[in-house]
Structure formats: structure tokens, C-alpha cells
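# Report on the structure
These are the residues of each chain, in order.
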Amino acid sequence: MIKSKSIYVINIDEEGRFGGPERRIVNVAKELSNIGVRTTIVMPHLDSDIFEKYATENNVDYKKLNITRLTLEKKYLLKYVVRFFFELILLYKFLRKENPDVVHVNGAYQFKSILAAFLAKKKIVWHLNNQHAHKAVKFVFDFLKKHMSLSFIVASQKAKEYFIPNASYNTFVTEIHAPIIPGEILQKKNYNFSDEIVIGTITNMSPQKDIVTFIRAAHQIKLNYPNVVFCIGGAIHSSQKEHYNKIMLEIKRLDMVESIQFVGFVLDVPLFLSSLDIFINTSAWEGSPTAVWEALAAALPVVTTDVGSTGYYVGRLNGGLVSDVYDYMNISYNACKFVENISLREEYGVRAREIAHTYLTVEKCAVLHKQHYMNLIKEEEK
């Protein structure tokens, strides 16, 4: 039973660039405000304009600080190292001034905020969104995990198995999946054949998202069904230009230039999804893929790699078809089932929306967040 006590949370995101985690942070904060949890989001100045706009549109409080994300981009990596202790103190002073009940930090690589919260003697929630990390990040994460009193929210069981596989009985862990807002995403109603079948995805151009596998699967589909076209929505960040060039080389090699359209960052996700007939996710690793859950909510037939919790919500609950990571032949095979069978598309699409509305709503997500915060406060006060 959740008490009516008001809770103040500082939710820190060092990343800044808008994506699934940032959308989740804002949407959950908005919903938490309805059940007695006040949130202030902390974001960096750099590359956070869309994040800031989304928070403003949803009436969620935020504060922009001059902090640097951890990245392999040389100019920002150097800045991160040089400014590390200055920014650590900046965050520390901010947390001491705000005096929140809980500090919620997003991503295994955001340990600068973890250290600041620890020094400020705050109750900490470390939100693990993924099931993979750079070796150096994993090393630091494991060190801090052993030497600090932490609680964890994991986006999937695979995230838990990767980051805290030997968690003791006393380790405070809650599994909470990224949410969708059902009212924002309209159900697809027309599953009929048209002159053109559109298969799409929402992603970015990082190696994690493995767009090369999407391209190869698209090529196989196109060989069997020339009337299919492909649409990729997602930002191309400066740090991803090199990988994007590799993607373009693969598109040219397979002679798919005329069949694949890049539409850039997708601001209106429901509108984009409404233009698709089939959704494909080819990520190599994920925690809880928001784009897949939104596709389910849109009643789209989904083909996805077995990452995060897709094996359960898409596979076991029959919300779509699941393939192994990198297996573009099986991905194309599963997608072709939907291309050639109207009734199958509709059957899976209707069931997909039911799954999203039953298990993946922002209301359920917010309640689980509040339960975690309340239990953490109780544990620390014993």
C-alpha cells in the first residue's frame, strides 16, 4: 500500500540528447505528480533543447546544469575528464541545496551523479536502462556497486543479469519497463493491402541499434516483395556519423538507395507509426525498448530481435515475432509472414495493443516508481 506522503525526487540525466530514456523520464515524472511525487529533472546544457522542450510541454520542472556527458567523442571526452571534479562539486552543491528525498540517476555510465549523490548523503536509485556497457564503464560500475549503498531500477531481467547478476537477497532491485501513454497512440485500423507496404523503425544510428541488420533484412524482403518500402526515423548524432557512413555503404552495396528513406528525428511518434504497416526492431542490445512498446500500442505487427524484455512481451505474449540478434535472414522471414498475410497482421496488431495497454502504461510505471521510492526511504530510515 502506497502512503500519501509527498516525496521530492531529483532525476538526473547526464546524456541530454533526447531519446527513449529522456521520454520515459518526463512522462513518468508527469504521472508521478498525480500521486504525490514531485520531480525536478536535471539535464545538461549541451544538446538538450528537445529534452527541455518536451519537459516544458508536459509541465515538468527541470534544471539545466553545465555538466558533460560521458562519450567516446574525443572533444567531449577530454572535457569530461578535465571538468569531472568541478562538475562533481556542482552537482553536490545542487543536491545539498535542493535536499531531495531521493536522487534518481539514469544509465550505468552516469557515475558522476552517483558520486555527487553519495557525497551529499542522499538516497540513490540507479536506473539501468541497458544490458551492455563499455568495459571501462562496467569496471567503474562494479566498483561503486560494491562500495556504496544503492538501490536499482532495472529495465529488464537481462539488464539485471548483466549488471547485478549476484545481487544478494538484501539488494533493493525493482524491474520497471519503459512506459507508453496509451491515449497518445491511436490504434491502426486499416490492415488491407495497398500498392505499397511500408516497413519502418524508430532508432538512432549507433552500433547498438544495428541498422546494418535492418538494411540486410530489408534487402531480403525486397527480393520477395518489390512493393515493400522502408522508412527509418531517428536522429543522426555527430558521434554517429562514422557509423552512419557504414550504413550508407551497405545500402549502396545492396542497391537499396531507392527503397529506404531516412526521415530524421521523429518528433511526432504517433503520426510516424500511423504511416507504417509493419514495425521492425533490430537492436543488438537494449534494456526496455520504448519504440517497440509504442509500436505495440499502435497495434502494429512487430518483428524484433530478442533484446531486453521483448522476448516476453513480444514473444511469449504473442505481440509479434522474435528473432535472434544479427539474424537478418530470420528477421526477413518473420516480416514476410506479415507482408503476405493481411489477417495475420491484424491478429497480431490487435493483440499487441492489448499487451501494451495491459502491462506497459505510464500509470503502472509511475506506481512502481513510487513504491520503489517509498520502500527505499523506509529501508534507509530503519
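Figured I'd write up the structure that's included with this text. Starting afresh in each chain, residues are numbered from 1 along the sequence in its written order. Local features in a predicted model are, by the rule used here, given only for residues with pLDDT of at least 70; side-chain atom pairs are given and counted only at 80 or more, and totals for whole chains, interfaces and linings are based on all residues. The side-chain quantities take in all heavy atoms of the structure and omit both hydrogens and water.

## Some words on the overall build of the protein
Counting its regular elements, the protein contains 14 helices and 13 strands. Relative to a compact globule of 382 residues, whose C-alpha radius of gyration would be 21 Å, the protein shows 21 Å and is just as compact. Along the longest, intermediate and shortest principal axes, the C-alpha atoms of the protein span 60 × 50 × 40 Å. In the protein, the proportion of contacts linking residues at least 24 apart, taken out of those at least 6 apart, comes to 70%. For the protein, the computed accessible surface area is about 17,200 Å², with 52% contributed by carbon and sulfur atoms. As used throughout, the charge tally considers Lys and Arg to be positive and Asp and Glu to be negative, leaving His and the chain termini uncounted. Positions of charges follow a simple convention, taking NZ of Lys, CZ of Arg, CG of Asp or CD of Glu. Averaging the coordinates of the 46 positive side-chain charges in the protein and doing the same for the 40 negative ones gives two points 7 Å apart. A run of DSSP states H or I qualifies as a helix once it reaches four residues; a run of E qualifies as a strand once it reaches two. Both are numbered from the N-terminal end. We compute the radius of gyration over the C-alpha atoms and compare it with the globule rule, which gives 2.2 Å times the number of residues raised to the power 0.38. Working rule for contacts: check all heavy atoms of both residues, and any pair within 4.5 Å makes them a contact. Accessibility throughout is a Shrake-Rupley quantity obtained with a 1.4 Å probe, and a residue counts as covered only by protein chains that appear here.

## Regarding helix H4 (residues 111–119)
Turning to H4, its buried residues number three or more, namely Phe111, Lys112, Ser113, Ile114, Ala116 and Ala117. In this fold, the buried residues of H4 make contact with strand E1 (7–12), helix H3 (74–98), strand E4 (102–106), strand E5 (123–128) and helix H5 (135–147). Taken from the residues just after H4, Lys121 is the one with a positive phi, measuring 60°. A 1.4 Å probe rolled over the protein chains alone gives each residue an accessible area, and that area as a share of the maximum for its type sets the label: buried under 20%, exposed over 50%, partly exposed in between.

## Some thoughts on the sheet that holds strand E2 (residues 37–44)
Taken together, seven strands build an open sheet; the order of strands is E3-E2-E1-E4-E5-E6-E7 and the sheet is parallel. Of all the strands in the sheet, just strand E3 (61–65) and strand E7 (172–175) have a single pairing partner and so form its edges. When the angles between neighbouring strand axes are averaged without regard to direction, this sheet yields 20°. As defined by bridge partners, E1 adjoins E2 across six bridges and the pair is classed as parallel. Paired with Asn11 across the bridge in E2 is Ile41. As a rule, the C-alpha atoms of each element are fitted with a line to give its axis, helices using only the stretch in contact, and angles between N-to-C directions run from 0 to 180 degrees. Contacting E1, E2, E3 and E4, H3 crosses the sheet at an angle of about 165° to E1. A pair of strands is considered paired only if DSSP assigns at least 2 bridges between the two.

## Observations regarding the packing of aromatic side chains
Describing an aromatic ring pair means giving the distance of the ring centres and the angle of the ring planes. Pairing of aromatic side chains requires ring centres within 6.5 Å, counting the rings of Phe and Tyr and the six-membered ring of Trp. Pairs whose planes differ by under 30 degrees are stacked, by over 60 edge-to-face, and all others tilted. Applying the stated criterion to the full structure yields 16 aromatic pairs. Ring centres of Phe18 and Phe265 lie 6.2 Å apart, and the angle between their planes is 75°; this geometry places the pair in the edge-to-face category. Taken together, the residues span a long stretch of sequence, with Phe18 in the loop between E1 and helix H1 (20–32) and Phe265 in the loop between strand E10 (260–264) and helix H9 (269–274) at a distance of 247 residues. Classification of Phe265 by relative accessible area gives partly exposed; the value is 31%. With a centroid separation of 5.6 Å and 80° between ring planes, the pair formed by Tyr244 and Phe262 is classed as edge-to-face. Of this pair, Tyr244 sits in helix H8 (residues 241–253) while Phe262 sits in strand E10, and the two are 18 residues apart along the sequence. You can call Tyr244 buried: its relative accessible area is 19%. The exposure class assigned to Phe262 is partly exposed, which follows from its relative accessible area of 23%. Linked through ring pairs, Trp126, Phe141, Phe152, Tyr162 and Phe163 together constitute an aromatic cluster. Two limits define a charge over a ring: the Lys NZ or Arg CZ must be within 6 Å of the ring centre, and within 35 degrees of the ring normal. A cation over an aromatic ring shows up here: Arg23 above the ring of Tyr54, its NZ or CZ 5.5 Å from the ring centre.

## So, the packing of helix H7 (residues 211–224) against helix H12 (residues 328–340)
The N-to-C vectors of H7 and H12 enclose an angle of 50°; their axes lie 8 Å apart at closest approach. Regarding the angle of H7 to H12, the classification is oblique. Considering the relative orientation of H7 and H12, their crossing is right-handed. Two secondary-structure elements touch here, H7 through Thr213, Arg216, Ala217, Gln220, Ile221 and Asn224 and H12 through Tyr328, Met329, Ile331, Ser332, Ala335 and Cys336. Following the grouping adopted for this structure description, the nonpolar residues are Ala, Val, Leu, Ile, Met, Phe, Trp, Tyr, Cys and Pro, the charged ones are Asp, Glu, Lys and Arg, and the polar ones are all others, Gly among them. Considered class by class, the residues forming the contact of H7 with H12 number seven nonpolar, four polar and one charged. When describing relative orientation, an angle under 35 degrees is termed roughly parallel and one over 145 degrees roughly antiparallel, while 65 to 115 degrees is termed roughly perpendicular and anything else oblique. Each crossing is labelled by how the near helix is turned from the far one, with a counterclockwise turn of less than a right angle marking it left-handed and a clockwise turn marking it right-handed.

## Quick look at the nonpolar core
One recurring pattern in soluble globular proteins is that nonpolar side chains are buried together. For our purposes a nonpolar core is just a set of buried Ala, Val, Leu, Ile, Met, Phe, Trp, Tyr and Cys residues, chained together by side-chain atoms within 4.5 Å. Counting residues in hydrophobic clusters, the biggest one holds 35 residues, and the most contacted among them are Val42, Leu95, Ile114, Trp126, Leu128 and Phe141. When contributions to this core are tallied by element, the ones reaching two or more residues are E1, H3, E4, H4, E5, H5, strand E6 (151–154) and helix H6 (157–163). Ranked by residues supplied to this core, first place goes to H3 with six residues. Leave out the neighbours within four places in its chain, and Leu128 touches Ala108, Phe141, Phe152, Ile153, Val154, Ala155, Ala159 and Phe163. Ile199, Met205, Ile232 and Ile260 belong to the second-largest nonpolar core, a separate cluster that totals 30 residues.

## A few points about a nonpolar patch on the surface
The patches described consist of residues with a relative accessible area above 30% and no salt bridge, like charges being joined within 9 Å and nonpolar side chains (Val, Leu, Ile, Met, Phe, Trp, Tyr) within 5 Å. Salt bridge, as applied in this entry: a Lys or Arg side-chain nitrogen positioned within 4 Å of an Asp or Glu carboxyl oxygen. Together, Ile50, Phe265 and Leu267 make up an exposed nonpolar region whose accessible area comes to about 260 Å². On the secondary structure map, Ile50 appears in helix H2 (residues 49–57). We classify Ile50 as partly exposed; its relative accessible area is 36%.

## Some remarks on unusual backbone geometry
Phi at Asp255 takes a positive value of approximately 55°, unusual for a residue other than glycine. When you line up the elements, Asp255 lands in the loop between H8 and E10. We note that Tyr326 has phi near 75°; this positive angle belongs to a residue other than glycine. In this fold, Tyr326 is placed in the loop between strand E13 (320–323) and H12.

## Focus on the sheet that holds E13
In a beta sheet, neighbouring strands pair by backbone hydrogen bonds and run either parallel or antiparallel. In space, the six strands of this open sheet follow the order E10-E9-E8-E11-E12-E13, with parallel pairing throughout. In this open sheet, the two strands that pair with only one neighbour each are E10 and E13. Pairs of neighbouring strands in the sheet enclose a mean axial angle of 20°, with direction left out of account. Sheet analysis places strand E9 (residues 228–233) next to E10, joined by four bridges and oriented parallel.

Purely spatial values, then, with no claim about function.
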